[in-house]
Amino acid sequence: MTKPIWIKHATQLATLSSERKGPRSKEGMSELGLIEDGSIWMEAGLIQAVGTTKELEKLYADRMHEAEVFDATGHLVTPGLVDPHTHVVYGGSREREFEMRLEGATYMDIMNGGGGIHATTRMTREASEEELMEQTIRRLDSFLAHGVTTVEGKSGYGMNLETELKQLRVMKKLQEEHPIDLVATFMGAHAVPKDYKGREDEFVDHLINDMLPIVAEEKLAEFNDVFCEKGVFTPEQSERILKAGKKYGLIPKIHADEIEPYGGAELAAKIGAISAEHLLKASEEGIQAMAKSGTIACLLPATALYLREDAAPGRRMVDEGVAVAISTDCNPGSSPTTSMPLVMNLACISMRLTPAEALTAATYNAACAINRQEKIGSLEVGKQADVVLWNVENYQELQYLFGVNHVKTVWKNGVQVVNDKVKSDSKSLTGL
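So, here's what we can say about the structure. (Residues numbered from 1 in each chain as written. Predicted model: local features only at pLDDT ≥ 70, side-chain atom pairs only at ≥ 80, totals over all residues. Heavy atoms only, no water.)

1. Looking at the packing of aromatic side chains
One pass over the structure, following the stated rule, counts seven aromatic pairs. Each member of the aromatic cluster is reached from another via a ring pair, and the members are Trp6, Trp41 and Tyr60. We note Arg24 situated over the ring of Tyr364; from NZ or CZ to the ring centre the distance is 3.7 Å. The residue whose ring lies beneath Lys253 is Phe223, and the NZ or CZ to ring-centre distance is 5.1 Å. (Phe/Tyr/Trp six-rings, centres within 6.5 Å; stacked < 30°, edge-to-face > 60°. Lys NZ or Arg CZ within 6 Å of the ring centre and 35° of its normal.)

Pasting the structure below:
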């Protein structure tokens, strides 16, 4: 039987606890539930107590000798970070496209020329399940090293039944075998395959009639996503796909208004999507509709930076009452990163979120975007013991010192999975 874990004397403990239920917006995104000289008792994979060190010393006076003790003096402690939007399972690499962008090629130029999603689709189709497992494990290890304890992963680099199922089965195996919680999203509607060009509605029919039933029958995904964008899937096609998924119990998500205003945010609100992603070009009407519907805006500032685009209007969304989450959008073409700490920095710098809002967006609201807020996203009694100890004293410093990984220790379900020694071992954590 493992020992209880007792973290004590945290200079600042950001619990993210609140009396508010559901995704947080406006001033709710600044409520971090801060405790000075904070303390956590973890046991059996769960958080058993949270409070000041003095309070827990009194509560566990007769059990202190049982615990493995971690002195967090001079450190910030937070919930494990949650990444609610990634394409983490894929084959190959696309570094040449990075150079092409610097030479002036656009996202759609590269995609229409056979690169982009189509290039990764080809490499993912060619990769064996074992090869995809090996590559994805390296990325998940890197996520852990950056303080991320839960990751959403999308399929979508198959665009045929065989490869979509292969991606989702890899995620299912990794959920069982890797410390990170991996939440699966079916995204067969990531792009229209080349052999369906000019027959886009036929591909939509194929996806609805042939792919969705098997994904649902094998319980391979919890969410259903679609890339609603000019030149990809129209709002009408997107609505068909998302409504079909709902019939199978798949919760709708939507890639919306990334390249140009296209009604994606409005559709997200109309269909009751749990989240709308990207939203760089979302209209004012779309933002207002999302605020009313409660649809979470999942914003991806690293993607905007990598594509040299203006970031999504995060500040305006928060002020208008939209609940905002943030994510790496880890993928091989437009955001090849696993660094949620960097994404928090960018949320402040490029989208003008405050440090408190950025932390909420990367923890509690991110958990809401994948329907996990009852288990993760805050440090509260009964939740999973997913905890990060940082080499900074407070949450402001975490956002102020940008581009640096400040993780010292990570616990997943009460088990220490990252420490300074492991994090510096390049053989253990080989990144992307």
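More follows now that the structure is in view.
2. Section: the sheet that holds strand β8 (residues 181-189)
Ordered by their spatial adjacency, eight strands build an open sheet running β6-β7-β8-β9-β10-β11-β12-β13, and the pairing between neighbours is parallel. Each edge of the open sheet carries a strand with a single partner, namely β6 (81-83) and β13 (324-326). Pairs of neighbouring strands in the sheet enclose a mean axial angle of 25°, with direction left out of account. By the bridge criterion, three bridges tie strand β11 (residues 275-278) to strand β12 (residues 296-299) in an arrangement that is parallel. What sits directly across from Ser275, in β12, is Ile296. Lying on the sheet, helix α9 (residues 264-271) is in contact with β9 (223-228), β10 (251-256) and β11; it crosses β10 at an angle near 170°. (Pairing = 2+ DSSP bridges. Helix = DSSP H or I, 4+ residues; strand = E, 2+ residues; numbered from the N terminus. Axes fitted to C-alpha atoms, helices over the stretch in contact; angles between N-to-C directions. Contact = heavy atoms within 4.5 Å.)

Keep in mind that these numbers describe shape and distance, not what the molecule does.
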